[in-house]
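Observations on the three-dimensional arrangement
Listed below, chain by chain, are the residues.
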Amino acid sequence: IADRAGFEIWFVNLVCAIIFVVGLFSFARRQPGPRLTIAAAVPFLVIVVAMSATRQALAIGFVFLAIVALQDNRLWRAGFWVFLASLFHASSILMLGFAALSYTRNRFQSVLLVLLLAFPAYYLLSSNLETYVDRYSGAEIQSAGASIRVAMNFVPAVLYLFFSSRFPDSEHMRSFWRNLCWLALACVPLLLLLPSSTAVDRLALYAIPLQMYVLGRLPIADDPALRAYSSWALAIVGYLALV
């Protein structure tokens, strides 16, 4: 559209940046510490992803809007945002599964839901599946620092799983964040088993909201009276600056 209208690539980047930032800020504003939440996104999500992987960053912007819809208990709206995300990067269809699984009540429902979601996922990914297999089945494509970025998801995942009771939220959102925790943890053995670290690195991008959620709430989770907020926040900002 930009090309036909006579605009150059700056216009495409501007529109993508607006959508990404709207999603990011919409998510951050729903957190008790929005500034700390945004700070947690800066070292990797904003600087590395949004300033280079344009299509996936745009998709993640829509994913943030989907998470906000989930917080409002609007599953259909969340599904719509994930559908828009998948139009720009098919891998984001994975988030539809996480969103839907957060509402299942037993293993039978979970298995049935996975089977139902497998059909639209295959439809969206089938055209690119051969390309993905060729690209990531060998060791030629590697991402420098992938292990560090996987570790950045690993630590918040462990913190959430051990201290989930200190993160007040609805039951379906607790389930959603637990599912993202398992994705973050699964990336560790995948990084060791798969020949291409880039494949794992791209998959781990969808667990980044977990970093923002946990680090943005960690001071409050530790001390509901907020007596230790300043020291915790300073420590987290120092960690992010180090990254």
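Before going into details, it helps to say that this report is about the structure given with it.

The rules we used
- Residues numbered from 1 in each chain as written.
- Predicted model: local features only at pLDDT ≥ 70, side-chain atom pairs only at ≥ 80, totals over all residues.
- Heavy atoms only, no water.
- Helix = DSSP H or I, 4+ residues; strand = E, 2+ residues; numbered from the N terminus.
- Buried < 20%, exposed > 50% of the residue type's maximum accessible area, 1.4 Å probe, protein only.
- Polar contact = N/O pair within 3.5 Å; in protein donor to acceptor, adjacent residues only side chain to side chain.
- Contact = heavy atoms within 4.5 Å.
- Core = buried A, V, L, I, M, F, W, Y, C linked by side-chain atoms within 4.5 Å.
- Axes fitted to C-alpha atoms, helices over the stretch in contact; angles between N-to-C directions.
- Parallel < 35°, antiparallel > 145°, perpendicular 65-115°, else oblique.
- Nonpolar A, V, L, I, M, F, W, Y, C, P; charged D, E, K, R; others polar.
- Salt bridge = Lys/Arg side-chain N within 4 Å of Asp/Glu carboxyl O.

This paragraph deals with the side chain of Thr37. Mapped onto the elements, Thr37 comes out in helix 2 (residues 34-49). For Thr37, a relative accessible area of 0% translates into the label buried. Within the structure, Thr37 has its side chain in polar contact with the backbone oxygen of Gly33 (distance 2.8 Å). Excluding residues within four positions of it along the chain, Thr37 makes contact with Phe27, Ala28, Gln31, Met212 and Gly216.

Attention shifts here to the nonpolar core. Of all hydrophobic cores here, the largest spans 57 residues; its most connected members are Phe27, Leu45, Val49, Met95, Phe176, Trp177 and Met212. The biggest single contributor to this core is helix 3 (residues 54-71), with 13 residues.

The next thing to look at is the packing of helix 8 (residues 171-193) against helix 9 (residues 197-204). Between helix 8 and helix 9, whose axes approach to 10 Å, the crossing angle comes to 175°. Between helix 8 and helix 9, the crossing angle belongs to the class labelled roughly antiparallel. Residue-level contacts link Leu183, Cys187, Leu190 and Leu191 of helix 8 to Ser197, Val200, Leu203 and Ala204 of helix 9. Its residues assigned to classes, the contact of helix 8 with helix 9 comprises seven nonpolar, one polar and no charged.

On to unusual backbone geometry, then. Even without being a glycine, Asn73 presents a positive backbone phi close to 65°. With respect to the helices and strands, Asn73 occurs in the loop between helix 3 and helix 4 (75-88). In this structure Asn73 comes out as partly exposed when scored by relative accessible area, which is 49%.

It is worth spelling out the pattern of salt bridges at this point. Per the counting criterion, the structure on display carries two salt bridges. A salt bridge links Asp72 to Arg30, with the shortest nitrogen-to-oxygen separation between them at 2.6 Å. Of the two residues, Asp72 is situated in the loop between helix 3 and helix 4 and Arg30 in the loop between helix 1 (9-29) and helix 2; the sequence distance between them amounts to 42 residues. The salt bridge involving Arg178 is made with Glu171; its shortest N-O contact spans 3.6 Å.

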